[in-house]
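Chain residues, written in single-letter form:
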Amino acid sequence: MSATEVKEAAASEKPKVYGHTVFFTAAARYWRAVWVFLAVIVVNAILQAILILPDGDLPGLNALFIIKAILSYLVMVWALSIMVSAALQTPNGKVSFGAAIKGSRANVGKFFGWTLVWTLVCVILMMFYVFPGLIAMMVLPFVIFAASDGQSNPFKANFQAIGNRFGRYLITLLVTLVFLSGLYVFAGLSAFVYPYFFASLWMWFICGIVGSWLITGWALLYRSTKVGAAPVAAESTTDTSGEPAAS
């Protein structure tokens, strides 16, 4: 165990639910909710691709574009809410569709409200200059998890989680930025290779796969903090495979 891990373990009253690395553990935990993730990813990709039709639609201040943009955002938030709910439940075993949906509905108002605020803050800051918006995204990664988890103040919970696992937060953030940069390049290239509809379909599918894996990693990190640790019943400490949930 590294010095950073020793300090983090001492700082937390709850056991980590990830192993040597957050995202390696996330790759294993991902399969506990894989069917939930895939279903949401496919539905979101299809709906997002439909919303860009007809091919060649260009952004503009017209009613049709605004309506389609709002619908696209609502679909994306819906997909995100279910994936976050599923990811937060992966430390305790396999996640069913019912459990993921029930979890997303439990705090749907709070999740939508805080996600909207988070989006507006990042977009407004990016309108002035790209770096303030990026910084806002980087310092508020746990807000949506805390909102989905029903925290009374997701903003405060975000910084409590960061402070509790600061070293691991920095490492996880760095890895996330690398993958997001790759997805940005991939999205740009897809637009040149495929027609609009298929480019959107393919882009949303690949981004959904990578994104849900990253979400699972951040969920594991959140669950490994004092503020994000969920009470685990004695019978839930192992999953159906007999593997300890908090490994």
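Please refer to the structure placed before this passage.
These notes cover the structure that comes with them. (Residues numbered from 1 in each chain as written. Predicted model: local features only at pLDDT ≥ 70, side-chain atom pairs only at ≥ 80, totals over all residues. Heavy atoms only, no water.)

**Digging into the overall build of the protein**
Turning to step 1, where the next piece is worked out: The helix and strand inventory of the protein stands at eleven helices and zero strands.
Turning to step 2, where the next piece is worked out: Helices and strands in the protein line up, N terminus first, as α-α-α-α-α-α-α-α-α-α-α.
Turning to step 3, where the next piece is worked out: Taken over 247 residues, the protein has a buried fraction of 40%.
Turning to step 4, where the next piece is worked out: In the protein, of all internal contacts separated by at least 6 residues, the share reaching a separation of at least 24 is 74%.
Turning to step 5, where the next piece is worked out: When the accessible surface of the protein is summed, it comes to about 13,200 Å², and 76% of that surface belongs to carbon and sulfur atoms. (Helix = DSSP H or I, 4+ residues; strand = E, 2+ residues; numbered from the N terminus. Buried < 20%, exposed > 50% of the residue type's maximum accessible area, 1.4 Å probe, protein only. Contact = heavy atoms within 4.5 Å. Areas by Shrake-Rupley, 256 points an atom, 1.4 Å probe, with all protein chains shown as cover.)

**Examining the pattern of salt bridges**
Turning to step 1, where the next piece is worked out: As enumerated under the stated definition, the model contains one salt bridge in all.
Turning to step 2, where the next piece is worked out: Put simply, D149 and R223 hold a salt bridge, and the shortest N to O gap is 3.0 Å. Placement of D149 in the loop between α8 (143-148) and α9 (154-164) and of R223 in helix α11 (residues 196-223) is noted, with a sequence separation of 74 residues between them. (Salt bridge = Lys/Arg side-chain N within 4 Å of Asp/Glu carboxyl O.)

**A look at the nonpolar core**
Turning to step 1, where the next piece is worked out: Judged by nonpolar contacts, the single largest core of 46 residues is most densely connected at F37, V84, F142, F145, W218 and Y222.
Turning to step 2, where the next piece is worked out: Elements represented by at least two residues in this core include exactly α2 (22-29), α3 (34-50), α4 (63-89), α8, α9, α10 (166-193) and α11.
Turning to step 3, where the next piece is worked out: Of the residues forming this core, the biggest block, ten residues, is contributed by α4.
Turning to step 4, where the next piece is worked out: Apart from residues no more than four positions distant in its own chain, F142 is found in contact with N158, A161, I162, Y169, W218, L221 and Y222. (Core = buried A, V, L, I, M, F, W, Y, C linked by side-chain atoms within 4.5 Å.)

**Some details on the packing of aromatic side chains**
Turning to step 1, where the next piece is worked out: Here the structure, examined in full by the defined rule, presents eleven aromatic pairs.
Turning to step 2, where the next piece is worked out: Consider the rings of F142 and Y222, whose centres lie 6.1 Å apart with planes at 35°: the pair is tilted. Of this pair, F142 sits in the loop between α7 (130-139) and α8 while Y222 sits in helix α11, and the two are 80 residues apart along the sequence. Neither residue differs from the other here; F142 and Y222 are each classed as buried.
Turning to step 3, where the next piece is worked out: Where F179 meets W213, the ring centres are 4.9 Å apart and the plane angle is 80°; that geometry is what we call edge-to-face. (Phe/Tyr/Trp six-rings, centres within 6.5 Å; stacked < 30°, edge-to-face > 60°.)

**Topic: the packing of α4 against helix α6 (residues 108-128)**
Turning to step 1, where the next piece is worked out: The geometry of α4 relative to α6 is characterised by a closest axis approach of 11 Å and an angle of 120° between their N-to-C directions. By the angle between their directions, the pair α4 and α6 is classed as oblique. Along this stretch, α4 crosses α6, giving a crossing that reads as right-handed. Across the interface between the two elements, Y73, L74, V77, L80, S81 and V84 from α4 touch F111, F112, T115, L116 and T119 from α6.
Turning to step 2, where the next piece is worked out: Looking at side-chain class alone, the contact of α4 with α6 contains eight nonpolar, three polar and no charged residues. (Axes fitted to C-alpha atoms, helices over the stretch in contact; angles between N-to-C directions. Parallel < 35°, antiparallel > 145°, perpendicular 65-115°, else oblique. Left-handed = near helix turned anticlockwise from the far one by under 90°. Nonpolar A, V, L, I, M, F, W, Y, C, P; charged D, E, K, R; others polar.)

By themselves, these observations are geometric and do not establish any function.
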